[in-house]
Amino acid sequence: MRVVVLTGAGISAESGVPTFRDARGLWEGHRVEDVASPEAFQRQPDLVHRFYDERRAALTRVQPNAAHRALACLEQQLGSRMLVVTQNIDDLHERAGSRRVLHMHGKLRSARCTACGTRLDWREDLAHRPACPRCGERALRPDVVWFGESTLGMGQVESALSRADLFVSVGTSGMVYPAAGFVRIARLFGARTLELNLERTPGSELFDEARHGPAGSLVRAWVQDLLARRPAEVEVTRE
């Protein structure tokens, strides 16, 4: 069996990571356009750097939850037949033990040099404009995808979806493209589809099955059920 799992803000929210926007449409008290766009970075680089420096530092105060750990457990069984595609920029999947993770919106603990294009593992602040270790320019920025920029790894995602036997969406509203279109691609190529979300979404009707509740309990129960079916189901790989 080949499995593609899409994860969104809902899976990390249970670890204490704030979701993208609050009821007022603000992200940690800021308008999104003030901290998450290339134009904002050009206008107010200090503000943008401080914002992401704070988010990066906050990762030290949160831990992977049962949903992250369950997905890592499933990967141990499926290996290269499983891919986690996450809309989240935290590293909770990796810290839970997952290795096959594609961050379509980039990573908080990564920096990119706008001068030479180098991507670097990065855990320190960027507000003081450290030099790029490769080219020496003080041109590092958060390695995250801002509004108006292209999401990462879409070729790899579409290839995985075209070969998947099962597509699972966890903790995401299914409203923002391109991720909102993944269920349609998976169905087009014959995969079964499952939504695991806190509540019903406008896209729930597109899935073969939808289960609603906290991500931790839903994902853990689903993984336990899937592994209990071995070898009849989990070990079957589509030709």
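Caption draft 1: Quick peek at the packing of aromatic side chains. All chains considered together, the criterion is met by four aromatic pairs. Considering the side-chain rings of Y52 and W146, the 6.2 Å spacing of their centres and the 45° angle between planes classify their relative orientation as tilted. Within this pair, whereas Y52 is found in helix α4 (residues 45-58), its partner W146 is found in the loop between β8 (140-144) and α7 (154-163), the two being separated by 94 residues in sequence. Across the pair, exposure class does not vary: Y52 and W146 are buried alike. Here F167 and F207 contribute two aromatic rings whose centre-to-centre distance is 6.3 Å and whose plane-to-plane angle is 15°, an arrangement assigned as stacked. Taken together, the residues F167 in strand β9 (residues 166-170) and F207 in the loop between β10 (192-197) and β11 (209-212) connect sequence positions 40 residues apart. The same class applies to F167 as to F207, namely buried. The structure contains a cluster of three or more aromatic residues connected by ring pairs, namely F41, F51, Y52 and W146. Between R55 and the ring centre of F51, over which it is positioned, the NZ or CZ distance is 4.8 Å. The side chain of R141 reaches across the aromatic face of W146, ending 3.8 Å from its centre.

Caption draft 2: The arrangement of the sheet that holds β8 in detail. Taken together, three strands build an open sheet; the order of strands is β7-β6-β8 and the sheet is antiparallel. Every other strand in the sheet has two partners, leaving β7 (119-121) and β8 as the edge strands with one partner each. Pairwise comparison of adjacent strand axes, ignoring direction, gives a mean angle of 45° for this sheet. Relative to β8, strand β6 (residues 106-113) runs antiparallel, the two sharing four bridges. Bridge pairing links G106 to V144 in β8.

Caption draft 3: Structural detail: the nonpolar core. Judged by nonpolar contacts, the single largest core of 23 residues is most densely connected at V5, V168, V170, L196, V219 and W222. Those elements that place two or more of their residues in this core are β1 (3-7), α5 (66-78), β4 (82-86), β9, β10 and α9 (215-228). Of the residues forming this core, the biggest block, six residues, is contributed by α9. For V170, the contacting residues outside a window of four places in its chain are V5, L6, T7, G8, I11, L196, A215 and V219. Of all hydrophobic cores here, the second largest spans 18 residues; its members include M154, A164, F167 and A179.

Caption draft 4: Here's a closer look at the environment of G174. Mapped onto the elements, G174 comes out in the loop between β9 and α8 (182-188). Each C-alpha atom, one on G174 and one on A36, is 20 Å from the other, the two residues being 138 residues apart in sequence.

About the cut-offs
- Residues numbered from 1 in each chain as written.
- Predicted model: local features only at pLDDT ≥ 70, side-chain atom pairs only at ≥ 80, totals over all residues.
- Heavy atoms only, no water.
- Phe/Tyr/Trp six-rings, centres within 6.5 Å; stacked < 30°, edge-to-face > 60°.
- Helix = DSSP H or I, 4+ residues; strand = E, 2+ residues; numbered from the N terminus.
- Buried < 20%, exposed > 50% of the residue type's maximum accessible area, 1.4 Å probe, protein only.
- Lys NZ or Arg CZ within 6 Å of the ring centre and 35° of its normal.
- Pairing = 2+ DSSP bridges.
- Axes fitted to C-alpha atoms, helices over the stretch in contact; angles between N-to-C directions.
- Core = buried A, V, L, I, M, F, W, Y, C linked by side-chain atoms within 4.5 Å.
- Contact = heavy atoms within 4.5 Å.

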